[in-house]
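Coordinate inspection notes
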Amino acid sequence: MSEPPHVDEAEVERLAARIGLTIDPASRAAVAANLAGLLAAARLVAEFALPEETEPAPRFEP
Amino acid sequence: MTDGATPALAIAAAVRGGTIRARDVVAGALDRIAARDGTLNAFTRVLGDSALADADAVDRRRAKGEDPGPLAGVPFAVKNLFDVAGLPTLAGSKINAELPPVERDATAVARLRAAGAVLVGALNMDEYAYGFSTENTHYGPTRNPHDPTRIAGGSSGGSAAAVAAGLVPLTLGTDTNGSIRVPGALCGVFALKPTFGRVSRAGVVPLAWSFDHAGPFARTVADLAAAFDAIQGPDPRDPVCAARPAAACAGELGRGIERLRIAVAGGHFARLADETSLAAVARVAGALGARAEVTFPEVHRARAAAQVITACEGGAYHLERLRTRAADFDPMTRDRFLAAALLPAAAYTGAQRFRAWFRARVAEVFREVDVMLAPTTPWPAPPIGAPVLTRIGDVEVFTRGHLGHFTQPLSFVGLPVISVPIVARGALPLGVQLVAAPFNEAALFRVAARLEADGVVAATAPTVLS
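Bear in mind that the values here come from a model prediction, so they are computed numbers and not experimental data.

For chain A, the count of helices and strands is two helices and zero strands. Over its C-alpha trace chain A gives a radius of gyration of 16 Å, far above what one expects of a compact globule, namely 11 Å for 62 residues. Considered along the principal axes of its C-alpha atoms, chain A spans approximately 45 × 35 × 15 Å. Scored against the burial criterion, the 62 residues of chain A give a buried share of 31%. Of all intrachain contacts in chain A linking residues separated by at least 6 positions in sequence, the fraction that spans at least 24 positions is 58%.

Okay, the sheet that holds strand β9 (residues 190-193) of chain B next. Residue and element names in this part refer to chain B. Read across the sheet, 11 strands follow the order β1-β3-β2-β8-β10-β9-β16-β17-β13-β11-β12 without closing on themselves; strand pairing throughout is mixed. The sheet is open, and its two edges are formed by β1 (43-46) and β12 (292-294), each paired on a single side. Neighbour to neighbour, the strand axes of the sheet diverge by 30° on average, direction disregarded. With three bridges joining them, strand β11 (residues 262-265) and strand β13 (residues 371-375) adopt parallel strand pairing. In the strand pairing of β13, isoleucine 262 is matched with valine 371. Of the strands in this sheet, β1, β2 (75-79) and β3 (118-123) are in contact with helix α2 (residues 22-40), which crosses β3 at around 20°.

Among the nonpolar cores identified, the biggest contains 173 residues, and Val120, Phe190, Val308, Leu373, Leu434 and Ala448 of chain B are the most heavily contacted of them. Other than its neighbours up to four places away in sequence, phenylalanine 190 of chain B contacts Gly184, Phe217, Ala218, Arg219, Thr220, Val221, Leu224, Ile418, Val420, Pro421, Ala448 and Ala459 of chain B.

On to the interface of chain A and chain B. Contacts between the two partners involve 24 residues from chain A, matched on the other side by 27 residues from chain B. Elements with a contribution of two residues or more to the side of chain A that touches chain B: α1 (9-18) and α2 (25-46) of chain A. Ranked by residue count, the leading element in the side of chain A that touches chain B is α2 of chain A, at 11 residues. When grouped by side-chain class, the residues that make up the side of chain A that touches chain B number 19 nonpolar, four polar and one charged.

All names here are of chain B. Among the 11 residues in helix α7 (residues 221-231), 11 count as buried, and that is most of the element. By the burial criterion, the buried members of α7 are Val221, Ala222, Asp223, Leu224, Ala225, Ala226, Ala227, Phe228, Asp229, Ala230 and Ile231. After α7 finishes, the residue glycine 233 shows a positive phi value of roughly 120°.

Let us now look at the environment of leucine 172 of chain B. In this fold, leucine 172 of chain B is placed in strand β8 (residues 170-175). With residues up to four places along the chain from it excluded, the contact list for leucine 172 of chain B reads Val78, Lys79, Phe82, Ala108, Ser159, Ala214 and Pro216 of chain B.

Turning our attention to the pairing of strand β17 (residues 430-436) of chain B. The side chains of a regular strand alternate between the sheet's two faces. Residues and elements named next belong to chain B. Across the seven residues of β17, seven count as buried, placing the element largely inside the fold. Residue alternation in β17 divides its side chains into two sets, Leu430, Val432, Leu434 and Ala436 and Gly431, Gln433 and Val435, and both sets are buried. Note that β13 and β17 share five bridges and pair antiparallel. Across the sheet, alanine 374 pairs through a bridge with glutamine 433, a residue of β17. In the sheet, strand β16 (residues 417-422) pairs with β17 via six bridges, with the strands oriented antiparallel. Across the sheet, residue proline 421 finds its bridge partner in β17, namely glycine 431.

Running from N to C, α2 of chain A and helix α12 (residues 345-365) of chain B point in directions that differ by 45°, and their axes come no closer than 9 Å. Comparing the axis directions of α2 of chain A and α12 of chain B gives the class oblique. Of the two elements, α2 of chain A crosses α12 of chain B, and the hand of that crossing is left-handed. Side by side, α2 of chain A and α12 of chain B meet where Ala42, Val45 and Ala46 of chain A of the first sit next to Ala347, Gly350, Ala351 and Phe354 of chain B of the second. Of the residues contributing to the contact of α2 of chain A with α12 of chain B, the split by class is six nonpolar, one polar and no charged.

With that settled, consider the packing of α7 of chain B against helix α14 (residues 441-453) of chain B. Residues and elements named next belong to chain B. Interhelical geometry of α7 versus α14 gives an angle of 160° and a closest axis separation of 9 Å. Put simply, α7 runs roughly antiparallel to α14. For the pair α7 and α14, contact is made by Val221, Ala225 and Phe228 and by Glu441, Phe445, Ala448, Ala449 and Glu452, respectively. Here the contact of α7 with α14 is composed, by residue class, of six nonpolar, no polar and two charged.

Now for the confidence of the model for chain B. Scored by pLDDT, chain B has a mean of 97; 99% of the residues are at 70 or more. Across the whole predicted complex the pTM is 0.98, and at the interface the ipTM reaches 0.96.

All names here are of chain B. Cis geometry marks the peptide bond from glycine 154 to serine 155; its omega dihedral reads 10°. Here serine 155 lies in the loop between β7 (147-151) and α5 (157-164). Of note in the backbone geometry, arginine 259 takes a positive phi value of approximately 70° without being a glycine. Examined against the element boundaries, arginine 259 turns out to sit in the loop between α7 and β11. Exposure remark for arginine 259: the 7 C-beta atoms within 10 Å place this residue in the exposed category. Here leucine 272, not a glycine, exhibits a phi torsion of approximately 60°, which is positive. What makes leucine 272 partly exposed here is the crowd of 18 C-beta atoms within 10 Å.

Conventions we followed
- Residues numbered from 1 in each chain as written.
- Chains lettered and ligands numbered in written order.
- Predicted model: local features only at pLDDT ≥ 70, side-chain atom pairs only at ≥ 80, totals over all residues.
- Helix = DSSP H or I, 4+ residues; strand = E, 2+ residues; numbered from the N terminus.
- Rg over C-alpha atoms; globule rule 2.2 N^0.38 Å.
- Buried ≥ 20, exposed ≤ 12 C-beta atoms within 10 Å, placed from the backbone.
- Contact = placed C-beta atoms within 7 Å.
- Pairing = 2+ DSSP bridges.
- Axes fitted to C-alpha atoms, helices over the stretch in contact; angles between N-to-C directions.
- Core = buried A, V, L, I, M, F, W, Y, C linked by C-beta atoms within 7 Å.
- Nonpolar A, V, L, I, M, F, W, Y, C, P; charged D, E, K, R; others polar.
- Parallel < 35°, antiparallel > 145°, perpendicular 65-115°, else oblique.
- Left-handed = near helix turned anticlockwise from the far one by under 90°.
- pLDDT = per-residue confidence, 0-100.

Below, the structure is given as structure tokens:
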């Protein structure tokens, strides 16, 4: 897996505010570390070139 | 007489035949729970009087000449993620303990009851199913019956430990990334994660809608099939439950494995694991004469995409609770859910697009193979309170998260998997995953039954509790 992107506590605070979350200052470092890990996972997925026509919609079977 | 080692089907046969009362069977299970669960902490709620009343009802049906059901008098218990009428659904949390009791059983619970089984309690788990260890801060850790200093695995840890310890012969759990298979392997029992949509999740608290599954644990293959047959099939209460009719598996067990193409998973599934874990796969492969190797492409990215989708869906589902009650979350999940809620939409969409691509690649492999073998976990149960990181070779991994290394890429695309238990003398249990194409549970049961009949796999009784 790629090296985790850097996420700092200020960024956690900013992102949380956007969605109405208040994160205890004592938790911010741990949340930042977890978010960095998830962003690394997302980057690993994004680095793979999918065919343009690949889409995520599920099959509709009424 | 029945005891903790008696299979569910033997109990049902005795109750149906009138050689034992369901009341006596259930009373025996309650006695075992009282005697052993102080050590294990598998149960968060024991239903004493109501279970005995349900058992009496089974006995009355039989006395009146009615069919008491294929699982008559079999005690069972369910992860506290399942709705049980009359109880609040804890989902491993302190927050949900404040909810009112639910009025209706989850479909899978109702179906086991309709088959004559008797619910005796609710079982411990990781909070909101977001973990692999059942080290629950609110309700305490569930301990592994084979070594109570070690974890039972998770998130359905109580479900696996209760069966392994002989408290009950059947339990239900759920699996989003490995939460049935991981504890099944670490506790040494048979565990089925069915095809996505094969078993209803109605009345089950979600973690990630895209790949939440419900399934059974048992100590024999026949019991696992009986439980699966009782709960599988369409359910209008679950919008993603498959419409295709139930396909009973109990009759498959004696069919043998002739003409089944069985192969060992290579690549990702042969790396970052203990030698003992890979040796367990080799032992099963040898017993089955499986020499071919198959690989899926980009499995490491599939696992990463599963992590992203789980986080995004879990973070979204719990967002309002995170806004208002974050301090009441378990410290084992809180910071992970908070981080999950902050992920950008592009991460989610990209992971879902990758999932569509990966599912097509997996389908290609299963045109050439019927059953694939892979380790369930990379190592046996770690100690309770183990350090966050563990070194394997020259790589450092998360001790708990890495337990899903081999399970996550498979539930990600909804494949059916049975984890079969394998115990070397004097060692802790391990599991081997038998994996098939969607809706081909029958092939898994044929292979599991052969391995059990040949003595290759078995749910051995824990010596520390005997």
